[in-house]
Amino acid sequence: MLAYILRRCVTMAGTLAVISVLIFAIINLPEGNYLTNQIRELMATGEQGSIAKAQFLLAQYSLDRPLWEQYLVWVGLWPGPDGFSGMLQGNFGYSFELDRQVYDVVAEAMWFTIGLNLVVVLFVYLTALPLGALAAVRANTWIDYLAALIGYIGLATPNFLLALVLMYYGNKAVGLPIGGGMAREFIDQPMSLEKFGSIMLHMVAPVVVIGTAGMAGMMRRLRANLLDELGKPYVTTAAAKGVSPTRAVIKYPLRMALNPFIADIGNLLPQLISGSVLVSVVMSLPTIGPVLLSALRSQDIFLSGFILLFVSALTLVGMLISDILLAVVDPRIRLSGKAGGAR
Amino acid sequence: MTKIDPDRHFIAKDDYDEAADLQALDRADLDAPTWVLIWRRFLRHKLGVVSGVYLLVIYLALPFVDVLSPYHYAERNENHIYAPPQPVRLWSEAYGFGLHTFVTEEKFDVETFQMGSIVDWSQPLKIPLFQSCGSTYHLLGLFETSFRFICPPKGGTLFILGTDRLGRDVHSRIMHGAQLSLTVGLIGVAVSFAIGLVLGGMAGYFGGWIDSLTMRAIEIIRSLPELPIWLALAAAIPANWGPVSVFFLISIILGLLDWPGLARAVRSKFLALREEDYVKAAELMGARPTRIIGAHMMPNFMSHLVASATLSIPAMILGETALSFLGLGLRPPAVSWGLMLNDALDLTVVEIYPWLLMPLVPVIMVVLAFSFLGDGLRDALDPYS
């Protein structure tokens, strides 16, 4: 088991390395960066002092070197102006637009991002499991159709608009707060029960919005799996021997049907994280979504690059967890040491 | 002995054998070409059929959007800014029976600082149908005309779905926006189809290091969060490019991350089919890989691919909507549903001008239709089960 986890970690590190190259290439696709744009702007106004400062920064962050060297310096495999000081050494770069360390910017938003996504995963599981199981047990009844309808709506509505509409009507009907991560008076306050409550209340709408699409897919898969399983002879045998209907569903068929369900977290996570970026922009949640958007727009390459990398790493960790869970649940995978049935 | 009856019907002399008759029917069913069986089974999926017909109709209507909209999509009506949807009636006391609307006027309310609309119910206006009106356009790029199915009445306006912040008719813009919003998915799917087919096919057919390399690539692409990468790629499109090139690039970007699923499916099909005897036979007879793949293996799984491609179009339509909504997708002179929704970015719009959310309706309908069609196709593909 330990060897299996270790091997997965090694492949994950390799994947992350390739992803970092890809991301670096993508953020450098548009010509120039925030500093060069600024220099060009300053040239027009002719402010010599500021130009010198920007050029100093450019050299300080080795942005004047060839691209491959820039990449290696960014990662920390090549000596920059101050020796080795890339991401491997714990220096994530500097956001020129916000005039702050990237680490500080991301650390602020990180907890809310991770927390939000965790709650969404919980929501997806807690709703998809009973709904999917119910839809399978009561196949082709109104419950089944209702579940399918919810699923289709979640699938077909663009996330961000669902967010807008839910935000508006949630506020009108039940008085849910509009946007933001918490009530204004709690910002910069130490964590307390009230603050926690406020955060939870603000999370209701985004969680529902981000979660619906993932829930829909998961529900349909669970329903299909469980339907297959329920048709098998051993279920009939169990019923014939007098096992109560609930037990006859939960004890074996549900457990069998659950396997792909756990494996699916690997698919679910990228989808949720994507969704949370968009929804955060609309609902002005303090996640890294809005920060990423503005960094991309202003070509603040260290910030956008690190956020993209961070989000990808989050996804990879989620997949790793799902594989480990799968190995715990399914002895076949654990013993063969392969993630064969993983995805 | 055959006897001739008075009505000159032929009567067979043996007794009727019900079992044999049934078998013959079954036989005919089994011998029917696969596509007939697939088609028959697909027809049983009512929702899928309806969706298919709906999609066919709207895609065929795409070249004729100008005929279907009462105004030019960029025409501004400065006297009718944020006009709400205008009432259209088939019957009213003032007019009687017939398609008509009423004189409406937009006024700026000095107290609430909002645009208000006043309908004069005593002044009905007949809506002219099948006439020439408004500005001219090029039909199919061939000839200039101003023929429209529905025209604004003389001395009045026809904003069936209201107007936006520049006084442009929302209905006409939705019609026009369909052109880009609906083709984005097709181009994206074509891109992902091409990549998925080539890479998946190569991985499955040749195996070995090509296979493992492709599988690694698939794993990496799949672990990328889609939307942030779309955002980053879309942000890289130079600001001075024209709307058409931006449109094509956006479609390609949407397809660029979508191929892993398809490639995986192709690969597993290839792995299964490679073991078939007929492939071995073709190989032994000296057929080249391209011929074996193209002539013998492809027809076997093409239908599956079409079904899964259909199912991945909705994600692209939604992706375009999301990108344009955030202002990183298509750019303003172009019209698409996502761009129109960009106006609805903030909450005041939902509250005061809810009709600006109208493009949402076609988005949802098209996405649902593609999902149903894809489901129907997928269920129909295994006619022997």
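The structure this text deals with has already been given above.
Values in this document were obtained by computation on a predicted structure and should not be read as measured data.

A. View of the pairing of strand β2 (residues 96-109) of chain B. All names here are of chain B. Taken together, the 4 bridges between strand β1 (residues 88-92) and β2 define a ladder with antiparallel strand orientation. Pairing of S92 across the sheet is with G96, part of β2. Relative to strand β3 (residues 114-126), β2 is paired through 10 bridges, and the arrangement is antiparallel. Bridging across to β3, F102 finds its partner in P124. In this antiparallel pair of consecutive strands, β2 and β3, the connection spans 4 residues, and F113 shows a positive phi of 55°.

B. Region of interest: a nonpolar patch on the surface. Residues and elements named next belong to chain A. Where nonpolar side chains cluster on the molecular surface, the patch consists of W142, L146, L149, I150 and I153 and spans about 520 Å² of accessible area. With respect to the helices and strands, L149 occurs in helix α6 (residues 142-156). Look at L149 and you get partly exposed, because its relative accessible area is 49%.

C. Examining the interface of chain B and chain A more closely. Every contact between the two is made by 41 residues of chain B and, on the other side, 41 residues of chain A. Interface area, chain B with chain A, both sides summed: about 3,500 Å², of which 76% is carbon and sulfur. At the boundary of chain B and chain A, one finds 0 salt bridges. Inspection of the chain B/chain A interface yields 0 residue pairs in polar contact (both at pLDDT 80 or more). If you list the elements that add at least two residues to the side of chain B that touches chain A, you get α6 (208-222), α7 (226-235), α11 (289-325), α13 (347-352) and α14 (360-380) of chain B. At 9 residues, α14 of chain B tops the list of elements feeding residues into the side of chain B that touches chain A. The residue makeup of the side of chain B that touches chain A, split by class, is 28 nonpolar, 4 polar and 9 charged.

D. Highlighting the packing of aromatic side chains. Residue and element names in this part refer to chain B. Scanning all chains against the criterion turns up 6 aromatic pairs over all chains. Consider the rings of Y59 and F370, whose centres lie 6.3 Å apart with planes at 70°: the pair is edge-to-face. Here F370 lies in helix α14 and Y59 lies in helix α3 (residues 46-61), a separation of 311 residues in the sequence. With a relative accessible area of 18%, Y59 lands in the buried category.

E. The pattern of salt bridges, seen in detail. One pass over the structure, following the stated rule, counts 6 salt bridges over all chains. Ionic pairing is found between E229 of chain A and K232 of chain A, a salt bridge with its closest N-O pair at 3.5 Å. Since its relative accessible area comes to 8%, E229 of chain A is described here as buried. Linked by salt bridges that have partners in common, D164, R168 and R173 of chain B make up one network.

F. Structural context of the sheet that holds β1 of chain B. Residues and elements named next belong to chain B. The 3 strands lie next to each other as β1-β2-β3, forming an open sheet whose pairing is antiparallel. On the outer flanks of this sheet lie β1 and β3, each paired with one strand and no other. Within the sheet, the average angular offset between the axes of one strand and its neighbour, ignoring direction, is 40°.

G. Quick look at the packing of helix α5 (residues 170-206) of chain B against α6 of chain B. Residue and element names in this part refer to chain B. Where α5 contacts α6, the two axes come as close as 7 Å, and the packing angle between them is 140°. Relative to α6, the element α5 lies oblique. Remark: the crossing between α5 and α6 carries left-handed chirality. The residues of α6 that touch α5, namely those facing L199, M202, A203 and F206, are G208, I210, D211 and T214. Here the residues of the contact of α5 with α6 are counted per class, giving 5 nonpolar, 2 polar and 1 charged.

H. Molecular detail of the side chain of T310 of chain B. Looking at where T310 of chain B falls in the secondary structure, it is placed in helix α11. Residues within four places of T310 of chain B in sequence aside, it is in contact with F370, L373, G374 and L377 of chain B.

I. Structural context of the nonpolar core. Core analysis: the largest hydrophobic core is formed by 168 residues, its most contacted members being L231 and M297 of chain B. Discounting chain neighbours no more than four positions away, the residues touching M297 of chain B are Y205, F270, L273, R274, V279 and I292 of chain B.

What counts and how
Residues numbered from 1 in each chain as written. Chains lettered and ligands numbered in written order. Predicted model: local features only at pLDDT ≥ 70, side-chain atom pairs only at ≥ 80, totals over all residues. Heavy atoms only, no water. Pairing = 2+ DSSP bridges. Helix = DSSP H or I, 4+ residues; strand = E, 2+ residues; numbered from the N terminus. Patch = residues over 30% accessible without salt bridge, like charges linked within 9 Å, V, L, I, M, F, W, Y side chains within 5 Å. Areas by Shrake-Rupley, 256 points an atom, 1.4 Å probe, with all protein chains shown as cover. Salt bridge = Lys/Arg side-chain N within 4 Å of Asp/Glu carboxyl O. Buried < 20%, exposed > 50% of the residue type's maximum accessible area, 1.4 Å probe, protein only. Contact = heavy atoms within 4.5 Å. Buried area = accessible area lost by both parts, 1.4 Å probe. Polar contact = N/O pair within 3.5 Å; in protein donor to acceptor, adjacent residues only side chain to side chain. Nonpolar A, V, L, I, M, F, W, Y, C, P; charged D, E, K, R; others polar. Phe/Tyr/Trp six-rings, centres within 6.5 Å; stacked < 30°, edge-to-face > 60°. Axes fitted to C-alpha atoms, helices over the stretch in contact; angles between N-to-C directions. Parallel < 35°, antiparallel > 145°, perpendicular 65-115°, else oblique. Left-handed = near helix turned anticlockwise from the far one by under 90°. Core = buried A, V, L, I, M, F, W, Y, C linked by side-chain atoms within 4.5 Å.

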